[in-house]
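Below are the chains, spelled out letter by letter.
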Amino acid sequence: MTSSAIIPSPIKPIATLPIDDDLAQALLSSLTEYSAQLHGRRVWLACSGGRDSLALAALCVQLYHHGRLPFLPQLLHVDHGLQADSGVWAQHVARWATAQNLPCQILRAQVKGQDEQAARHARYEVMRAVLNTDDVLLLAHHADDQAETILMRLIQGAGVNGLSGIQPWRTQTQGGRRNALWRPWLTAKRSTISRYAQRLQLPYIDDPTNEAGDNVRSGLRRDVMPVLATYNPNVIDNIARSAQLLSDAQSILNDQAVADLQRVAVNGLQLASAQRVLDTAALNTLPPYRQRQLLHHWLTQDEPLPPTKQLVDAVFGLSRRQDSNHQTALFWQAGLQSYVIRRYRQRLYRISSDWLDWLTLPLGKVEHVISDLTAEVASTPAIRPQPILMILRSDTHFVWQAKIWPHALAALLGGDRSGSATFSKDMLSEGMLRGKLANHQGAMRLSFAPLARQQRVRTVSMPRPQAGKKLYQTLGIPVWLRESLVIVSVDFSHSKDGQDDLIENAAAVPILLLSPFDCWILHTDIMRVESNHPAALNEIAEGIISQIMIQKARQTTKPATPKLRQNPFR
Ligand SMILES: Nc1ncnc2c1ncn2[C@@H]1O[C@H](COP(=O)(O)OP(=O)(O)OP(=O)(O)O)[C@@H](O)[C@H]1O
């Protein structure tokens, strides 16, 4: 309610006046439907002082008085400050509430702009600030509001979700606080509410913009609805019923999309809202309508509003491509973040701009000295060895951490693994890994440095070393990840007492290649890795983890990618 007219009639107590059966029925059956969600919750009622919300407040008072409603809501009235007399109306609502023994708070909103949308936004903001976690806010939207909403969306070309209209129960979370909006009157007609308000002589405030026809909604109300009613007098009820049916249909579509997404999402590559990845080969096995529905659902994750149909169609087109041109990037400015949607081979990526920016940050060189790896691995089982933790790149959004367990490193280097509880006897006796550096007793230095573009690298599964584009293609590294590759080298020339050990071939030897989501073991002359022990190799792989953590407000949340379980021997 942003403007006002008509001086209200005097305030009378209404508790004992006759109750409207239809309106009571609508409220009480919604109460039954959401009784589980309402249990133990505090209920507020958003009251503009207009006919609908004042009537809802009046009905609550009456039903409570008759013992048919288990709670009395507290009123919240928002003064938008847009009208000269808005303060007067706020006082009027407060006086009416006092006369009915209803608690009432008047809130002042700061509206940025002049339109209805700005007023609504500001109104919800201030009301949300008053609500505690899990509180419920009652709103007086009714069947006519629902019908107008659906017509508006229909002429805008909405899909099933949009055409399912205003929802009777909706939970929302903001700033870590969750609350629910409850609209029990979506099946009640405006005319019924009007009659009830008149019978009770409710002193409501009339909003002239409701009838003015100066926006789409009021134009539909004034010009279109009466015409539709000449074709079918039940038009309001019927449209509201269609909305309920479509709402059920939307729930089924959602369940289907969630189930499809589980089959199609690529698990090891998900990074909360920063990166979401689909397997297009799996996607393409679904019928096209389910693919489109799934893409719509996939894109909308983490966002309050869905993408346009045009974007979904473009993403659908991209997902069907098989060619080797991976340049296409579809941009989406969504409500909370912007994203780029890209394809690389049989993967479709939705990448946030923050994440893309992070991927271009320069990587420095970091080092870690291990004084005695053999001793660390052989430490008594009571003392659990600590992993080597290295931060490879970080900003306020993301931290890239490499985590290497000593036993995995020892196994890689073919060192003495006795005492390491995680290594099987089998592996020790058969000697899976043997190298010149086995059983080295002195200090060693691990260094982490960006992979240079022309640096030749050979993973244990590659027949020969490769560099640059060839290497990226062999390893399947998408273009935007290519500045985020790190070589881990080991160097034994660094000894505990600062004296260089005289070791043949003492230069740093690359042993691992890391990306934010992957890890490859490198083939070197000094290390002979035999890959005929898959279980044991996996055990090593689990001891070498490259992970991204998401930082929020300088707090590190749980790692977004738990453990890397891909086979690094590719
Ligand atoms: N100024 C306000 N303060 C508190 N709640 C409001 C205010 N304006 C609207 N609401 C709540 O939002 C609902 C929908 O708002 P809308 O703008 O459609 O209503 P309205 O035409 O002002 O209606 P009403 O006659 O219900 O007061 C209202 O039914 C009411 O519950």
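These notes cover the structure that comes with them. Remember, predicted model here, so these are calculated numbers, not experimental data.

Conventions and cut-offs
- Residues numbered from 1 in each chain as written.
- Predicted model: local features only at pLDDT ≥ 70, side-chain atom pairs only at ≥ 80, totals over all residues.
- Heavy atoms only, no water.
- Phe/Tyr/Trp six-rings, centres within 6.5 Å; stacked < 30°, edge-to-face > 60°.
- Helix = DSSP H or I, 4+ residues; strand = E, 2+ residues; numbered from the N terminus.
- Buried < 20%, exposed > 50% of the residue type's maximum accessible area, 1.4 Å probe, protein only.
- Lys NZ or Arg CZ within 6 Å of the ring centre and 35° of its normal.
- Near = heavy atom within 4 Å.
- Polar contact = N/O pair within 3.5 Å; in protein donor to acceptor, adjacent residues only side chain to side chain.
- Nonpolar A, V, L, I, M, F, W, Y, C, P; charged D, E, K, R; others polar.
- Core = buried A, V, L, I, M, F, W, Y, C linked by side-chain atoms within 4.5 Å.
- Domains from an automatic or database assignment.
- Contact = heavy atoms within 4.5 Å.

## Observations regarding the packing of aromatic side chains
All told, the structure shown has ten aromatic pairs when counted by the stated rule. Summarising the aromatic geometry, the rings of W169 and W182 are spaced 6.3 Å apart at their centres and angled 55° between planes, so their arrangement reads as tilted. Here the residue W169 occupies a position in strand β5 (residues 169-174), and W182 occupies one in strand β6 (residues 177-182), the gap between them amounting to 13 residues. Ring geometry for Y349 against W480: centres 4.8 Å apart, planes inclined by 80°, an arrangement best described as edge-to-face. With Y349 in strand β10 (residues 347-352) and W480 in the loop between α18 (468-475) and β16 (486-491), this residue pair connects regions lying 131 residues apart in the sequence. By relative accessible area, which is 8% here, W480 ends up buried. Each member of the aromatic cluster is reached from another via a ring pair, and the members are W355, W358, F398, W400 and F517. Over the ring of F316 we find R292; its NZ or CZ atom is 5.3 Å from the centre of that ring.

## With respect to the site of the ligand
Surrounding the ligand, one finds 17 residues, the nearest of these being A46, S48, D52, S53 and V78. Contacts to the ligand include R51, whose backbone N or O atom sits 3.5 Å from an oxygen atom. Elements with a contribution of two residues or more to the shell around the ligand: α3 (51-65) and β2 (74-79). Residue composition of the shell around the ligand, by class: seven nonpolar, seven polar and three charged.

## Structural notes on the environment of D21
Inspection of the secondary structure puts D21 in helix α1 (residues 21-33). D21 sits in the exposed class, given a relative accessible area of 57%. Each C-alpha atom of the pair D21 and Y196 lies 9.9 Å from the other, and the pair is 175 residues apart in sequence.

## A few points about the nonpolar core
Counting residues in each nonpolar core, the largest one holds 59 residues, and the members touching the most others are W355, L409, L446, F448, L512, L513 and L514. Counting residues per element, this core draws most heavily on helix α16 (residues 406-413), which supplies six residues. In this structure, this core is formed jointly by two domains, domain 2 (265-357) and domain 3 (362-559), each of which donates at least three residues. In contact with L512, other than residues within four places in its own chain, are I404, L412, V486, I487, V488, C519, W520, I521, L522 and I544.

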